[in-house]
Amino acid sequence: MMELRAVLARLLSRYEFHVVGDSELQYWPTKPTTSPMDLFMTVQKRTSLPDADTLMATGAPGPNDNHAVENLVLRPLTHTVSADKLPRTFIVYGSNMGTSEDYATQMTEQLKRMGFADITLVSLNDWDFGSMKSADGRRSLVVAITSTYNGMPPDNARNFAKLLDKETRADILKDVDFVLFGCGNSLWHTFLKFPRHLYQRLDELGATPLTEFTAGDSNDELDDEFMKWSLQVGMILTDHYGSSVDAYIDAVTDKSLPYSLKYVDNTPAAPFRLSPENASVKVNRELQDVERSGRSTRHIEITLDDTSDISYMTGDHLNIYPVNAPDVVREVSAILELDLDVVFELEQVSDASRFAHSAAAVIHGRACTVADALQYVCDWKEAPSRELVVALSETSGNKPAYDLLRKAAEDANTLGKQSAGWSAFTAQNRTVLDVLRTYAPLVRQIPFATLLHFVSAMDPRRYSIASCQSVVGNEVHISAAIVNDTVNGRSYGGLATEYLASLEAGARVSVSHLPAQEAFHLPPPSDVPVVFVGAGTGIAPFRGFLQEMKHAGIGGATMYFGCRSPEYDYLYKDELEQYIQDGMLSKLQTAFSRVGDERKYVQHHVSQDSAKIWSHLQNSGRIYVCGSADKLGKSMTTAMVRIFEEHGGLSADEASTYLSNLISDGRYAQDIW
Ligand SMILES: Cc1cc2nc3c(=O)[nH]c(=O)nc-3n(C[C@H](O)[C@H](O)[C@H](O)COP(=O)(O)O)c2cc1C
């Protein structure tokens, strides 16, 4: 796809395109900006070039009068603007889990290579947007990339968002052009809420959007959408500011690799870990009757080192840094024919990286053994990247045995990841490890540094904390559902959960603490009643809340808990029944989905209790929901909207707004994934 765009850019800089006829263009309804229907053009070699400076000064149309074409024409090379004439650029991001930050780093690299010299990369909180008004009328460019959490800004954008909303000077950003990419997940009721809000506020404060609002969905092909957007933005900026077309083409097609590998003699001073080992496993026990359920959920108690400096609130999250199993490490080293004890360093030889979160980017700067790289850094269980598949296909020659691989690479480059070729390939090669196994001879032709560049570093996995620190002291408890899918006769264990399941008492682990959103904590003791709704391991934070309530001597909570059967996966049954005896729970409603003919889920019970739920909310009550976004989060949203329609006499729209207001007031708090 990148190559096609680059070819397009070259064509546009060398030829004039004129649309035949003057009727208004119609677009395919599903792609209203990118896919025109029945578009016919004449093509002529450029003989005279439009004057870029005149165009920029007057905004006058170029030699192509047709609007659709005018928007696409890239300025010719002879009028390339020097770096100091290009705008000062702020690449600003809001990100909790690193995706938007990663994309912002990639945009920084792309823009640098396009010739933009004055670039500042900062989180939204660190961006001083109040000082953007220019003294000399020179324009600035803002490239904003942000996610959203429960419809709110990410943590490193929260303070910024408060200032932005307070800002009343309508022209404060009048010297600013901006482009924005939103990251979200369509499973959330508040899909892309903050990125949309940011786009609107930047516009209201006088900034000029250079593209329409664009976003991706992490429940779909987020990376693909970002890639398309970054290429489109590159073209638009080249056109708008007159930067070099060739530099743009080089920036988006440069395949030079950023790292070279050097083997070194000395053993690294310290083992290579993404985060230091700072805790030990105390207990790791099964919560289900595995024989009957066929599934496993582990209750894990972790003792924090005194030096770990972790203090948490009930309802917060714990990050666990996964470690690859020793047999995977041995297998990968055998495939790569690498000695595990060898020590290497990576040297940066170019800034061409589009993978800020690659294993190579993380290792770069420190000596590392092959063993540590394979065990503690590389994510062998992630889906293969397009770049890895393309690199392998380039070494595959014409052998028919590699047809599937070549077709995948070709389709991914031209049609994207929805294409038949890519889908057929990933159906058989779900993980990088699968690819290494299937294409071992090709993998060995790729330098190790290149492989490290195409494989991500393992992300920590986040678990809801299932304990209250006032009760358990220097411990932290979690409940982990162990993922184990079988596809094509192969077993695919979850990266972190398979690791967690394997941990024995005494095992050392790396953990860190993540605060939950403000609303997902218990209200002050004297305050309002609470309702907990959870399914499966969604019970975890409520176990912590109930410990806290007992510790504080508070009672009266209502709990809806869903699982399959009281016989085999009723997690923490004894503890919950004890909380009823002790009065922390005044009502415990269970929903069993595999008992009897009728499948019952928690939302059905919540709907049945609609009058109570409505009156609970009228009495300033709070509702907490924890479980899968797809299954529980969505159906609870539907159930709540119906309750508001029925008891509040609200229309569907009003009921949705009512729910949104409860969420922003922190009275309907969700911890869903
Ligand atoms: C606890 C939690 C809450 C989330 N809330 C929302 C939301 O309200 N709306 C949305 O569109 N996406 C939501 N998401 C999805 C993230 O915004 C999405 O995964 C995004 O790509 C993360 O980007 P980041 O790594 O830059 O933070 C949520 C994800 C989590 C884990």
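Everything below is about the structure shown above.
In this text, all values refer to a predicted model and were calculated from it rather than measured experimentally.

K.L.:
How do you make sense of the state of the cysteines when you look at a structure like this?
P.N.:
Simply put, disulfide is the name for a covalent bond between the sulfur atoms of two cysteines. What the rule picks out here adds up to zero disulfides. Residue C368 stays outside any disulfide, its sulfur separated by 8.4 Å from that of C378, the closest cysteine.

K.L.:
What should I look at first to understand the sheet that holds strand 13 (residues 297–304) in this one?
P.N.:
The strands that make up a sheet pair up through hydrogen bonds in the backbone, lying either parallel or antiparallel. Taken in spatial order, the four strands of this open sheet run 18-13-12-21, and their pairing is antiparallel. In this open sheet, the two strands that pair with only one neighbour each are strand 18 (475–481) and strand 21 (508–509). Pairing of strand 13 with strand 18, which is carried by seven bridges, proceeds in the antiparallel orientation. Residue pairing for strand 18: E301 is matched across the bridge by H477. Across the sheet, helix 20 (residues 495–502) lies against strand 12 (279–286), strand 13, strand 18 and strand 21, angled at about 120° from strand 18, the strand it touches most.

K.L.:
Mind showing me how you'd approach the site of the ligand here?
P.N.:
Neighbouring the ligand are 21 residues; S95, S100, Y149, G151 and T190 lie closest to it. A distance of 2.8 Å separates an oxygen atom of the ligand from a polar backbone atom of T148. Of all the secondary-structure elements, those providing two or more residues to the shell around the ligand are helix 4 (99–113) and strand 8 (176–184). Partitioned by chemical class, the residues of the shell around the ligand number eight nonpolar, 13 polar and no charged.

K.L.:
Help me understand the packing of helix 4 against helix 7 (residues 222–241) in this model?
P.N.:
Describing two packed helices takes the angle between their axes plus the distance from one axis to the other. At their nearest, the axes of helix 4 and helix 7 sit 11 Å apart, and the two run at 30° to each other. The angle between helix 4 and helix 7 places the two elements in the roughly parallel class. By crossing handedness, the relation of helix 4 to helix 7 is classed as right-handed. Contacts from T99, Y103, Q106, M107, Q110 and L111 in helix 4 reach L222, D223, F226, W229, S230, V233, G234 and L237 in helix 7. Taken together, the residues of the contact of helix 4 with helix 7 sort by class into eight nonpolar, five polar and one charged.

About the thresholds
- Residues numbered from 1 in each chain as written.
- Predicted model: local features only at pLDDT ≥ 70, side-chain atom pairs only at ≥ 80, totals over all residues.
- Heavy atoms only, no water.
- Disulfide = S-S within 2.5 Å.
- Pairing = 2+ DSSP bridges.
- Helix = DSSP H or I, 4+ residues; strand = E, 2+ residues; numbered from the N terminus.
- Contact = heavy atoms within 4.5 Å.
- Axes fitted to C-alpha atoms, helices over the stretch in contact; angles between N-to-C directions.
- Near = heavy atom within 4 Å.
- Polar contact = N/O pair within 3.5 Å; in protein donor to acceptor, adjacent residues only side chain to side chain.
- Nonpolar A, V, L, I, M, F, W, Y, C, P; charged D, E, K, R; others polar.
- Parallel < 35°, antiparallel > 145°, perpendicular 65-115°, else oblique.
- Left-handed = near helix turned anticlockwise from the far one by under 90°.

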